[in-house]
Amino acid sequence: MPAAGATSVTPSSDPYRVGVADVPTPGPETTVPPQHFAWDGAEPEPMRAGRKPGAGRGRGLHGQLVQQLGQMIVAGEVGVERPLVPEEIGQRFEVSRTVVRESLRVLEAKGLVSARPNVGTRVRPVADWNLLDPDIIEWRACGPQRDAQRRELFELRWGIEPLAAHMAACRNHPEVVRRLSEVVVIMQRSVAQPDALTYSRADAEFHILLLQVAGNRMLEHLAGIVASALQISGGHAVGCEHLSEASVGLHARLVEAVAAGDGDSAEAAMRSLLAVHPEVERMFPGPREG
């Protein structure tokens, strides 16, 4: 059940009935997000690679080429130090040299390629990639490195989200507690229907909001990364257990701890919540019985 004092949400005020999630990116001075999810179009399926460009890719031919080249590089289809010749790319994908040039600049900013005089543009080793870039997260999660990306994202969440929950509980934001309570109500209704997509979107807002209000700007930045990760395949790649009364109860327990300003309990509740993830036993096995 939701935490005590949860605000009742009427169907007309439920943002999860409208369209596609557009997660707000926190600015440098943001403490409490000014708005929540706002969906302005119907989309019956979760987002997948290639369906729409990410924040750094733009749209049209330029965005499509960044998407295609990025996926090929991340999938290992273009080897390290292999030259990327603009003329060849333009001919293969039937785009102008200007489009190719702009696309390679975007990929260079992500650390995937490097351009040097008299050498040209070449693919860089994985160690140089910006692995926290939302586009690269998406490309890895939808390619051959999917399992590794799932594991790494979960390990990142396991490390930062309990800390964020502890810090959020110490910040005393009544408006945040109200919103978290509303989200728990939405999740509970999603279990009753059932509605897995709405549940995963509510789950995403819940976890992102805690990161945004922890009072640490670096954690706020990571909120955008977790937002992108949770949107991959509708949150199923790294989300908590879905459509479960037990999971709703754990979310509600975390809200109660935040409302009480109990950082230790909030941290423990977040660890319990993340522990329902199917990969937790493999990565953090319990002690063997003698």
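Peer 1: Would you take a moment to explain the nonpolar core for this structure?
Peer 2: One recurring pattern in soluble globular proteins is that nonpolar side chains are buried together. Of all hydrophobic cores here, the largest spans 31 residues; its most connected members are L180, F206, L210, L254, V258 and M270. Of all the secondary structure elements, the ones that give two or more residues to this core are helix 5 (146–169), helix 6 (174–192), helix 7 (196–212), helix 9 (245–259) and helix 10 (263–274). Among the elements that make up this core, the one with the highest residue count is helix 6 (8 residues). Excluding its chain neighbours within four sequence positions, the residues that come into contact with V258 are A168, A169, V177, L210 and A266.

Peer 1: Explain helix 4 (residues 134–141) to me, please; I cannot follow it from the model alone.
Peer 2: Because an α-helix packs 3.6 residues into every turn, residues spaced three or four apart end up facing the same way. Buried residues dominate helix 4, accounting for 7 of its 8 residues. Those residues of helix 4 that fall on the buried side of the exposure criterion are D135, I136, I137, E138, W139, R140 and A141.

Peer 1: I keep staring at unusual backbone geometry and nothing clicks. Help me out?
Peer 2: Most peptide bonds are trans, and most residues other than glycine sit at a negative phi. Omega for the bond connecting Q193 with P194 falls within 30 degrees of zero, at -15°, which places this linkage in the cis form. Position of P194 relative to the elements: it lies in the loop between helix 6 and helix 7. Positive phi, close to 65°, is recorded for N118, a residue that is not glycine. In this structure, N118 sits in the loop between strand 2 (113–116) and strand 3 (120–123). Overall, N118 belongs to the exposed group, its relative accessible area being 87%. Within the chain, N172 stands out as a residue other than glycine whose phi angle is a positive 55°. With respect to the helices, strands and loops of the structure, N172 is situated in the loop between helix 5 and helix 6. By relative accessible area, N172 is classed as exposed at 63%.

Peer 1: Honestly, the side chain of T121 in this entry has me stumped. Any pointers?
Peer 2: Along the chain, T121 falls in strand 3. Residues contacting T121, with those up to four places away along its chain left out, are R82, P83, L84, L104, V113, S114 and A115.

Peer 1: I keep staring at the pattern of salt bridges and nothing clicks. Help me out?
Peer 2: Applying the stated rule across the entire model yields 10 salt bridges. One salt bridge connects E205 with R179, and the closest N-O pair in it is separated by 2.8 Å. A residue pair is termed long-range when its members are at least 10 positions apart, and E205 in helix 7 and R179 in helix 6 qualify at 26 residues. For the residue pair E205 and R179, the accessibility class agrees, reading buried in each case. Taken together, the shared-partner salt bridges connect R140, R151, E152 and E155 into one network.

Peer 1: Is there a simple way to think about the packing of helix 9 against helix 10 in this case?
Peer 2: Each pair of packed helices can be described by the angle between their axes along with the distance between the axes. Between helix 9 and helix 10, the least distance of the axes is 8 Å, while the angle of their chain directions is 165°. Judged on the interaxial angle alone, helix 10 and helix 9 are roughly antiparallel. Crossing angle aside, the handedness with which helix 9 passes helix 10 is left-handed. Facing helix 9, whose interface residues are S247, L250, H251, R253, L254, A257 and V258, helix 10 presents S265, A266, A268, A269, M270, S272 and L273.

Peer 1: Help me understand the sheet that holds strand 3 in this model?
Peer 2: Within a sheet, adjacent strands bond to each other through the backbone by hydrogen bonds, running parallel or antiparallel. What the 3 strands build is an open sheet, ordered 1-3-2; its pairing is antiparallel. Bordering the open sheet on either side are strand 1 (83–84) and strand 2, each of which pairs with just one other strand. Sheet topology note: the strand 2/strand 3 ladder contains 4 bridges and is antiparallel. Counted as the bridge partner of V113 is V123 from strand 3.

Reading the values: rules and limits
- Within any chain, residue numbers begin from 1 and follow the written order of that chain's sequence.
- Only residues with pLDDT of at least 70 get local features here, since the model is predicted, and only at 80 or more are side-chain atom pairs given and counted; chain-wide, interface and lining totals rely on the full set of residues.
- Only hydrogens and water are set aside when side-chain values are computed; all heavy atoms of the structure are taken into account.
- For our purposes a nonpolar core is just a set of buried Ala, Val, Leu, Ile, Met, Phe, Trp, Tyr and Cys residues, chained together by side-chain atoms within 4.5 Å.
- For every residue, the accessible area (1.4 Å probe, protein chains only) is compared with the maximum for its type, and the residue is labelled buried under 20%, exposed over 50%, or partly exposed between those bounds.
- Helix and strand assignments come from DSSP, with helices taken as H or I runs of at least 4 residues and strands as E runs of at least 2, each series counted from the N terminus.
- Contact between two residues is taken to exist if any of their heavy atoms lie within 4.5 Å; hydrogens are not considered.
- Salt-bridge detection follows one rule: a side-chain nitrogen of Lys or Arg within 4 Å of a carboxyl oxygen of Asp or Glu.
- Only the contacting stretch of a helix is used when fitting its axis, a line to C-alpha atoms as for every element, and angles between N-to-C directions run 0 to 180 degrees.
- To sort the angles, those under 35 degrees are grouped as roughly parallel, those over 145 as roughly antiparallel, those from 65 to 115 as roughly perpendicular, and the leftovers as oblique.
- With the far helix as reference, a near helix turned anticlockwise by less than a right angle produces a left-handed crossing, and one turned clockwise produces a right-handed crossing.
- DSSP-based pairing: two strands are paired if at least 2 bridges between them are found.

Functional significance is not addressed by these values, which are geometric in nature.
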